[in-house]
Every structure is written in C-alpha cells, then in structure tokens.
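This is what each chain is made of:
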Amino acid sequence: MAAGVATWLPFARAAAVGWLPLAKKMMPKPPVDNSSRSDEILYVNVSGVRFQTWKNTLDRYPDTLLGSSEKEFFYNEDTQEYFFDRDHEMFRHILNFYRTGKLHYPRHECIQAFDEELAFYGIVPEIIGDCCMEEYRDRKKENQERLAEDTEANEATDAPLPPHSTHRERLWRAFENPHTSTMALVFYYVTGFFIAVSVIANVVETVPCRPPKGKVGDLPCGEKYQLAFFCMDTACVLIFTFEYLMRLFAAPSRCKFMRSVMSVIDVVAIMPYYIGLVMPENEDVSGAFVTLRVFRVFRIFKFSRHSQGLRILGYTLKSCASELGFLLFSLTMAIIIFATVMFYAEKGTKSSTFTSIPASFWYTIVTMTTLGYGDMVPSTIAGKIFGSICSLSGVLVIALPVPVIVSNFSRIYHQNQRADKMRAQQKVRLARIRMAKKGTTNAFLQYKEDHTLGDRDSGSTALCVKNRSAFEHQHHHLLHCLEKTTNHEFTDEMTYSELCMTESVGFRTSRSTSLSSQQGAQNNSTGCCPRRARRRAAMRLANSTVSVSRGSVQELDTLHFKTTAIPPQTRSSLNAQPDDLKLNCGEQDFSAAIISIPTPPANTPDESLPPSPAPLAGILRNTRATAYTHDTVKISSL
Amino acid sequence: MGAVVGTLTMQTKQRRLSRDKADDDLEMTTVCHRPEGLDQLEAQTSFSKRELQVLYRGFKNECPSGIVNEDTFKQIYSKFFPHGDASAYAHYLFNAFDTGQTGSIMFEDFVNALSILLRGSVVEKLQWTFNLYDINRDGYISKEEMTDIVRAIYDMMGKYTYPVLKHDAPKQHVDAFFQKMDKNRDGVVTLDEFIFSCQEDENIMRSLQLFENVI
C-alpha cells in the first residue's frame, strides 16, 4: 500500500464509529500499539552525509530495509544514527521515494548501480514512477543487450576448444570461425573463390562472343563454349554441395541448421543444377528450366558468410521491416490514387499512352521516384497538374521512412563495432584473470610455508606475516582446511600440466631418496624433512610461474618475501603436488618487500644460493633443468 | 501487415486524454487551501499541538493543495476495502465529513471530525453517526435512507463472504435496526430516539470506547 494510505488509516478507523449502531455483534478489541506515539526524527548517515527524516516517513513502506527492523542492524549506538556505507547521491532518491511515494530514476546514473542500490534497500524497481519508467526500461534493455553481447563474445569462438571435442565439433568450429585453423582458412578462401568464379561465369555466359565459323550473328559465349561453361558450373556445384553436406554433418542441431537463412541460400544455389540434370531436354519444360537458371544468381548471397557488412545490411533490413512495410503501403496507396486520376484525366486524348489504370501505374511509379523516363507523358492540362502533384508527393512519401531505416542501420553497425571491441578486450581481461588466479595460488602456497614456519622462528616471520591482511590470512586458512579435508593440495596450472607430463614413479622415488638422504645433512631445524630439497623443487616451480606471478603480483598487491629455509612439512613427496612456492619469508637481510624479477633460467645455481643445496641441485637438475636464480630486486615498500 | 495497422492506429489517441487531465490538474492546483492557525485548531479540537502537526504532515503529503475532493476520497477509501465496492459508502462518509457542504474536505473538516470521533463524548459521537445516516439532513432517518446506508456497507464486503450474502440481508438488517431504534413506530428515527436507543445497548456503548486510541 502506498504511503498515502497509511496516512488515511487512522481516519478510516475513526469513521468506523459509523458502523457501531448497526453492528449485530460487539466490535473486536483494537490492536495494542506499544510503540511510542510521538513521532521522532531519525538520523541516517550515508557515508558522511547526514539525512534526517521522521520515523513515520520510513515506516510507510514496511517491506523495505529502512521501513522494517532490518535497519537496526545498521544502527550505531555511539552516534545514535543509522550508518550506511553507500552512495549518498543515490540515497537521496531512495529517501525521496519514502517522502513522496514516487521513485524517480536519475538519468545520469548508471543503470546497474541504481539497480544495486534498489536491491540493497529492498525496493522493487517496478514502482518507478511513470515519468521515469520509460527511460529506466530503455536503459535497462540496452544494458541487457550489451551484456548478452558480452556473453556471446564469451562463448568465444576464439577460446580454445575443450580438450575432448569430437570431430564433428571441431569441424563445426572450423566452419563457423575460419581463423582457428589453417585448413579452415584455406577452405574458406577456396569456397569464396569458387563463388566468385561461379557468379562471373554466369555473367560472362551471356556476353556475345564472335560467332564460330560459318554462322552469322553474335552468339552468347555460353552457347559457344557450352562444354567449358558446363564443366565450370559442375565443378562449382560439386564444391558447394560438398560444403553444404559437410556443414549439415557438422551442425550441432541439424533441424535448426536446415532452417537457417544461409542454408536455404545454399540449397537454392545448387538446386537448379540438379533439377537441370534430371529434367529431360523437352521443349515445354526448357522454358521453365531457363527460369531456374536465374536462381543461380543467388550464389552471390553466399558471400554474406564471408562479409560482415552484408550480414549487417541484411539484419538492418529485417529489423526495419515495419518501416519498410509502412513505406510500401503508403506508396501503394499513392500509386493507385494517382494512377486512377491520371488515367481518367488522359482518357479523352487520342493516342494516349495511358491505356488503362495498371498501365498508368508505371507512369506513377516513375514519376513518384523522380525517375521520369518520359515514355509516358500527360498531354492534357489536368493531367499535367496532377502529374506535378504526383511527383511532389512522391518525394515526400519516400523521404519519410528513410531516416528511420538509416538510424537503425547506424545503431546496428555501432553495436557490431562494439562487439568486436568487446572481443578484443575480452582477451586482455582473460589473460589478466589468469594471472590473478596464479597470484592467489602463489600467495596461498606462500601462506602454507609461513604456517609451518611460524613454529620455529616467530620473530623473523612476524614481520612478513603481518604484512598480509587479516582477510588473506583467513582466506588461506580456509583453503588449507579444504586441502586437509580432501587430502589434495592446490597447485597452479603450469605445475599441474608439467606433472601430468613428467609423471613417473621414478621421478618421485628418486626425489624421495634424495630427500631422505639429505635429512641428516641439513640440521638447521628440528624438522625431519629436507627443506632445501623442497626449496629446490619450489624454485624449479618458481621459475615457471614467477614470470607470471610478477605480473599477478603487480595486479594483486601480494607481497613476497624470501627465506633461507623452507619449513618442514609433514606431507610426503608422494602426495599430490610437492610444490611449494619459491619466495619465502625469512630473516635474510631483505626485510623489505620484494618483488622478484625472474631471470631466464640458468642451468647452474647461482652463487648467492647458500652452498648446501648445491649437491641436491644436481639430482634435481636431471628432472628439470632449470634453476631459480636469486636475482631479486629490492623494492622497499615498508 | 502490422505496419498497416500500426500506421492506421497511429491516430489521435493521446490527445483526448491529456486534455481532460490537464484541465483537472489546473483546477486542483489553482485552488490551494491553508488551514487556520495551529493554535486555533488546537482550541477547536481536542488534539494537542503535536498530534495536529503529525496529522497535518500526513494530510499535506497526500494532498499538497490542501483539499480533498470526492473522487480522491473515494479512491483512498477504496484502497482499504479492496474486496468490495466502497464508493457508495465513501460518498455518504464524504458528505458527513464535509460539514459545510462545499464539495471538498479541508484539513479543518478532517480534524474536526476526527476530534469528535476519537475524543468526543458519547453523545457527540452518536450525533455524528446520526448525521451520517441522515442522508438528506432533514433530521429523520427513514427506512429508505437506512437501507441505502446498509446496502452500501454490505457492498464493501464484496462477493466472497461466509456465509454467502443473501439478497435481502440488508433489508433484514434494516428491519432489525428499526425494530430497535424506532420507539414510537412512526417509520422514522429521530435524533433523540437514536441516542436513547444506543445508550440502552451495552454492546454499542462498549464498542464506542474501543476507538479512542486510534491516533
């Protein structure tokens, strides 16, 4: 119920006194209202801007956030006000809604931002007032169209195929998007070439050639070189048929494909040939056969698969159907009217060309479109008068729907441009997202290092641990819990793929033996597992991922630190992925935040490495011949 | 040929509507009423200043022009009774509120009536009710007037009631009412008969008190 109704309720209840003498039974007890009767002013602080309003105002709409007890969650006891950390400019409109009962849409705001605010405050967008509803709807539709384009671009035909696609899917993709593989591109150009050849052949067929010896008069080339043209035609049709059958085979939904426009054009392009083959060389039907040959010109429409512009044009015409229909209808009306008038005006004249009304149609059309061939010309004065009126009105009638069609075309064209831009942006975005994901994985693995590191050397780690936010700590703890639950570990893409490739028991056992052999060697800590080895493994990994992580670091502000040692882990190397990430926190001189810049992998360990891992390096080098170099760039940000 | 239909109906449909509406709005906005001062109203009615402020704020929000005409009144009242048709009863109610018979309710009328209904004495309330029933203001409630009122009240109930509404229910109701109220059996109920009979009825007396805490 609207605000107004709430205001009038007390009055309606009071008026119920009028029913009392008529009542057969006693009235029920009224509801007891314990809330304070006196109206109070509420303070609402929206990111610093203080709004004040009567409590009653907000109570008008009890099913919204501000009208219900939900707002108590935002009440700040210290300042005695309701605090919302949202946009105060939008809040103005929301509050106005309570005050006036009408919700307005601010035109300069983004439609999505506005929708989000409405959703937050529990207001349904349908109650936007009539004044702003149209604008709101238009913007919303536009936005949705844009999003739909985005998702279409997302089902990006440019994205890599899922790994297990059948031949059919691959074939279809090759057809739809020729740029994916060379074969597809070749096929694309070949068909294009043959379409052109076919069309040109059709055209050249009719050009008069010099007659062969012994004949008089020019012959169209088609008849002179009949065999040659026939062969060319056959070749083209064969190619088109082959292409059509391939598409039909590869199409995910054959029925849908057969109904599509392009498929119809394909069929129409090749049918005349087959019909011609089948039909006998009969005098009667050859006339019809000649007509069929006209359909061969439809092959030119096959070019629309190759040309974006043609498609846009076709789409425009389709979307302007109503305007075109209007144009056609009004023209028809005008033609009939003027033709009739002209016919009767010119009826009396001798040798008039206006022999009937349909004959006058031709004159009217030619005049209205300002062509003016002059093959039919009025001779009476009345005819001339009406003729001039006809030509003037023709200009008007045709000029009217044209701007609509033009604007439609322009809109669709721009949409298309936008779609292309989106696709390009999408690639960049995806790349960035991938890097960000790697970054988080790295950060998480880093966290796991610290977690066990914390056991031993809290003093040095305190510094590095502190520099990650509480959020990240908790997030990483959560991921860690998940790992423990599933008994698998997180790793990143590259490691996973290389593990898939290099997976061999030998690798593992060799490592484990090498590791265990090192157990006695390093005794920096009480840990039993050789941290150095793991660090080596990590460094190997680091090399592959760090180039990515640098980018992601810059993207995500994760800070990486260096340690001397990797804390002991209780996981055996036979567990899923033994990779820990390289850069560890530690008490080594770098107490600053370090963003490491990877150098190209070197096959020998750097001197800056502590000497002990050296013997290990050799073992590991067999499996993966890269080592992480410690060229780190100190960037002090602390 | 949707285009055809479209063009043919792209006619003058909007023109007529907007013209009427514009005239109405013009009328409403040019007539703007301000109530008498707060102190005066406080003296006239039994509301405190605060209560009057609250009432006026709500009223002004709804009717910035300061007056409510009958159509608006009917619309508002209908919102409370969506099941049935409240327009007939709203019409009678409007007349009862509009003490000056001006055709529109102003804030003073609004507040005066509320004052009587909520804070008035029993006799005042009953007098107001009598005025409501006495449609032609001749001092007598006839059977026809009562039937109209009762029928209007039953209309508000709508179609779907339990038990099902019989056609002669209003008539029976009116008969029962007259049985009770019309002491001298002259076919009409006067104000004194009305007040006297109501004061006799326990139910009515008790119910009258229930409506005191509406504001």
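Residues numbered from 1 in each chain as written. Chains lettered and ligands numbered in written order. Predicted model: local features only at pLDDT ≥ 70, side-chain atom pairs only at ≥ 80, totals over all residues. Heavy atoms only, no water.

- Labelled according to an unreviewed UniProt entry, chain B appears under the name Kv channel-interacting protein 1, originating from Fundulus heteroclitus.
- Under the UniProt heading Subcellular location (unreviewed entry), the entry covering chain B gives this text: "Cell membrane".
- Comment text from UniProt for chain B, heading Sequence similarities (unreviewed entry), reads "Belongs to the recoverin family." (UniProt positions renumbered as here; feature names shortened; annotations may be inferred.)

- Named according to an unreviewed UniProt entry, chain A is A-type voltage-gated potassium channel KCND1 originating from Fundulus heteroclitus.
- According to UniProt, the comment filed for chain A under the heading Sequence similarities (unreviewed entry) is "Belongs to the potassium channel family. D (Shal) (TC 1.A.1.2) subfamily. Kv4.1/KCND1 sub-subfamily."
- The Subunit (unreviewed entry) field of the UniProt record for chain A holds the comment "Component of heteromultimeric potassium channels. Identified in potassium channel complexes containing KCND1, KCND2, KCND3, KCNIP1, KCNIP2, KCNIP3, KCNIP4, DPP6 and DPP10."

## A short note on the interface of chain B and chain A
Phase 1: On the chain A side, the residues contacting the 52 residues of chain B number 37 residues.
Phase 2: For the pair chain B and chain A, the summed buried area comes to about 3800 Å², and 74% of that belongs to carbon and sulfur atoms.
Phase 3: The interface formed by chain B and chain A contains 0 salt bridges.
Phase 4: Sorting elements by how many residues they give to the side of chain B that touches chain A places helix H4 (residues 49-62) of chain B first, with 7 residues.
Phase 5: Grouping the amino acids of the side of chain B that touches chain A by side-chain chemistry returns 38 nonpolar, 8 polar and 6 charged. (Contact = heavy atoms within 4.5 Å. Buried area = accessible area lost by both parts, 1.4 Å probe. Salt bridge = Lys/Arg side-chain N within 4 Å of Asp/Glu carboxyl O. Helix = DSSP H or I, 4+ residues; strand = E, 2+ residues; numbered from the N terminus. Nonpolar A, V, L, I, M, F, W, Y, C, P; charged D, E, K, R; others polar.)

## What to know about the sheet that holds strand E3 (residues 75-76) of chain A
Residue and element names in this part refer to chain A.
Phase 1: Within the open sheet, the 4 strands sit side by side as E2-E1-E4-E3. Their pairing is mixed. Since the sheet does not close on itself, it has two edges, and those belong to strand E2 (49-54) and E3, each with one partner.
Phase 2: Taken together, the 2 bridges between E3 and strand E4 (residues 81-84) define a ladder with antiparallel strand orientation. From the neighbouring strand, Asn-76 faces E4, where its bridge partner is Glu-81. (Pairing = 2+ DSSP bridges.)

## Quick look at the UniProt feature "domain: EF-hand" (unreviewed entry) in chain B
Phase 1: Under the present numbering, the feature "domain: EF-hand" (unreviewed entry) in UniProt falls on residues 85-120, 121-156 and 169-204 of chain B.
Phase 2: A distance of 30 Å separates the end C-alpha atoms of residues 85-120 of chain B, which is 67% helix and 8% strand.

## Overview of helix H11 (residues 261-278) of chain A
Phase 1: For H11(A), with 18 residues, the first-to-last C-alpha span of 26 Å sits near the 26 Å given by 1.5 Å per residue.
Phase 2: Within H11(A), the axis deviates most sharply at A:Met271, by approximately 30°, and proline A:Pro272 lies no more than four positions further along. (Expected span 1.5 Å × (residues − 1). Bend = angle between axes of the 7 residues up to and from the residue.)

## Considerations on the UniProt feature "transmembrane region" (unreviewed entry) in chain A
Residue and element names in this part refer to chain A.
Phase 1: The residues that UniProt annotates with the feature "transmembrane region" (unreviewed entry) are residues 183-204, 224-245, 257-279, 324-345, 351-373 and 385-406.
Phase 2: Here residues 257-279 runs as 91% helix and 0% strand, with 29 Å between its end C-alpha atoms.
Phase 3: Along residues 385-406 the backbone is 91% helical and 0% strand, and the end-to-end C-alpha distance reaches 33 Å.

## Details of the nonpolar core
Phase 1: Grouped together as the largest cluster of nonpolar side chains are 64 residues, with contacts concentrated most on B:Phe110 and B:Met146.
Phase 2: The residues contacting B:Phe110, other than those within four sequence positions of it, are A:Trp8, A:Phe11, B:Leu55, B:Phe59, B:Phe97 and B:Ile105.
Phase 3: In terms of nonpolar packing, the next biggest core, distinct from the first, is built from 27 residues, A:Val44, A:Ile94, A:Tyr105 and A:Cys132 among them. (Core = buried A, V, L, I, M, F, W, Y, C linked by side-chain atoms within 4.5 Å. Buried < 20%, exposed > 50% of the residue type's maximum accessible area, 1.4 Å probe, protein only.)

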